[in-house]
Structures are given as C-alpha cells and as structure tokens.
Amino acid sequence: MDRVALVNKVKTKIDEISTLDTPLQAITMADEKPIDTIIESLLDESALEILLKAPFHRLDIASATPTITQDKTDTTTGKITAPEDFLRLVSFRMDDWERSVTELSIKGDAISRRQSNKYIRGGQSRPVGVLSKSDKGIEIEYYSTKSTSHKLSEFLYIKKTSAENITDTQMIEAMTWICAGRALLIVGNADDAKNAYDNAQSLMI
C-alpha cells in the first residue's frame, strides 16, 4: 500500500475514535505542520514497532548467507556479521547442529558468560547465540560447532523496512492504528491514543 493511502487510512481511524471537537484537517502543530505531514512522518516508526512485536507468521521472513569469522584461538566458535538490514532473528543453524537457535542471549548476561567455559557452553545439541555489536555492526556469536567448515545451513530474520512494504493485511491495520495513536498523542489526545493502541494490540496475534 502506498504512503498516501496509508496516511488516509490513519486519518480514517482517527476519525473513528476521535473525541476532539476540532476537525482533524484543521489540526496543526506549533511549527504549522498539517496532520497529513505529521502522520506521514510517523509511518515508518509505526512499521518498526510492528516488525519488532508482531508474530513471525504475520511478517515477511528474509534469508541470508552472512559473513562468518571463525575465532582464531577457539576453533569451535566464531561470529556471524548480521546483514545491514537485520532487525530481529527468526532462527539460525550451523550445519552440524541438531536444532536451530531461535532466541539470542545478550552480551554480558548470565547465559553469555557461561559460553567462556568450554565444558558448559552451548554445543551441537543445545547451541547458543549471543547478540553483540562491534565496528562491523550487529554480530551473533555462536557456541559451538565441531565442523571445520563453520557453515550456516540456515539464517532467517526480520529485516528493517518502510511502512509501505508491510504486506499482511492484519498488520497493516495494526500499524495504522499505532500510527493513529502516535498522532493523537502529538495533538494532546491521550485517551483516544490509548484506544488506538488497544485496537492495534488486539490485532497483534
């Protein structure tokens, strides 16, 4: 759906729930931005919220073959440099693992600290991925593999994208409700904004 159509959809949703006496089209901010401009500026961050929170079956799942850097001193582990448009992991799997990693630990948490001990770290039957960041961007440390190739058999993720690239009909509805809520907060209507967010939440299934 193009951005003009999305803006109009958000305006329709605001009209559905708005208790403001002032007509929507007459609302402007201190810098004289019309409501259409405000809504358009909020679309992509509303899409980002959908991409971060919606269930995977409602989103487009991307695949990639990212760069792998094997650890020079510990030959059983290494790092995956995530694609530039990486937002959220669906799953990844090394070619000798018995199952995929679907949730990542965060660098510095209890699970990630255990990976420094080769006797209790993740392995082929219970692998572990740790999310970190470097000058290369987002990286995922993997623990651990006995394969000499350090080859990925799967890397699935949700990528960052703009509002017009959301394709699931129900998620478009949720996204436009979120955008309506954000716009209503900007114009000072917190009660209607909450109703809009509640409507969005009911669709995130």
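Our subject is the structure listed above.
Reading the values: rules and limits
- Residues numbered from 1 in each chain as written.
- Predicted model: local features only at pLDDT ≥ 70, side-chain atom pairs only at ≥ 80, totals over all residues.
- Heavy atoms only, no water.
- Pairing = 2+ DSSP bridges.
- Helix = DSSP H or I, 4+ residues; strand = E, 2+ residues; numbered from the N terminus.
- Expected span 1.5 Å × (residues − 1).
- Buried < 20%, exposed > 50% of the residue type's maximum accessible area, 1.4 Å probe, protein only.
- Polar contact = N/O pair within 3.5 Å; in protein donor to acceptor, adjacent residues only side chain to side chain.
- Core = buried A, V, L, I, M, F, W, Y, C linked by side-chain atoms within 4.5 Å.
- Contact = heavy atoms within 4.5 Å.
- Phe/Tyr/Trp six-rings, centres within 6.5 Å; stacked < 30°, edge-to-face > 60°.

K.L.:
Which residues make up the sheet that holds strand β3 (residues 78–81), and what values go with them?
P.N.:
Sheet strands pair via backbone hydrogen bonds, and the direction of the pair is either parallel or antiparallel. Spatially, β2-β3-β7-β6-β5 is the arrangement adopted by the five strands of the open sheet, whose pairing is mixed. One side of each edge strand has no neighbouring strand; the edge strands of this open sheet are β2 (67–70) and β5 (105–106).

K.L.:
Explain helix α4 (residues 169–186) residue by residue, including any values.
P.N.:
Taking 1.5 Å as the rise per residue, α4 with 18 residues should run 26 Å; its terminal C-alpha atoms sit 26 Å apart, in good agreement. Of all 18 residues making up α4, 13 are buried, and the element is well covered by its neighbours. Where α4 begins, one side-chain oxygen reaches toward the backbone nitrogen of Q170, 3.0 Å away; that side chain belongs to D168. Phi turns positive one or two residues past the end of α4, at G188, with a value near 85°.

K.L.:
Tell me what's going on with the nonpolar core, and back it up with residues and numbers.
P.N.:
One broad rule of soluble globular proteins: the nonpolar side chains tend to lie buried together. Core analysis: the largest hydrophobic core is formed by 34 residues, its most contacted members being I39 and I50. For this core, the elements supplying multiple residues, two or more each, are α1 (3–17), α2 (35–53), β4 (86–94), α4 and α5 (190–203). For this core, the leading source of residues is α4, giving 10 residues. Sequence-distant contacts of I50, that is, excluding residues within four places in its chain, are made with L59, M171, A174, M175, I178 and M204. If you look at the next biggest cluster of nonpolar residues, it comprises 14 residues, including F86, I140, Y142 and F155.

K.L.:
An account of the packing of aromatic side chains is needed here, citing residue identities and associated values.
P.N.:
Between two aromatic rings, the relevant description is the distance of the centres plus the angle of the planes. Taken as a whole, this structure holds five aromatic pairs when the rule is applied. A centroid spacing of 5.9 Å and a plane angle of 25° characterise the contact between F86 and Y157, whose relative ring orientation is stacked. Of this pair, F86 sits in strand β4 while Y157 sits in strand β8 (residues 152–159), placing them 71 residues apart in sequence. Taking relative accessible area as the criterion, F86 reaches 5% and is therefore assigned buried. Residues F92 and F155 carry aromatic rings whose centres are separated by 6.5 Å and whose planes lie at 45° to one another, so their mutual orientation is tilted. Remark: F155 occurs in strand β8 and F92 occurs in strand β4; sequence separation between them is 63 residues. Overall, the relative accessible area of 0% leaves F92 in the buried class. Under the relative-accessibility criterion, F155 is labelled buried at 2%. Among the aromatic residues, ring-to-ring pairing joins F86, F92, W97, F155 and Y157 into one connected group.

Just geometry here; none of it tells us what the structure is for.
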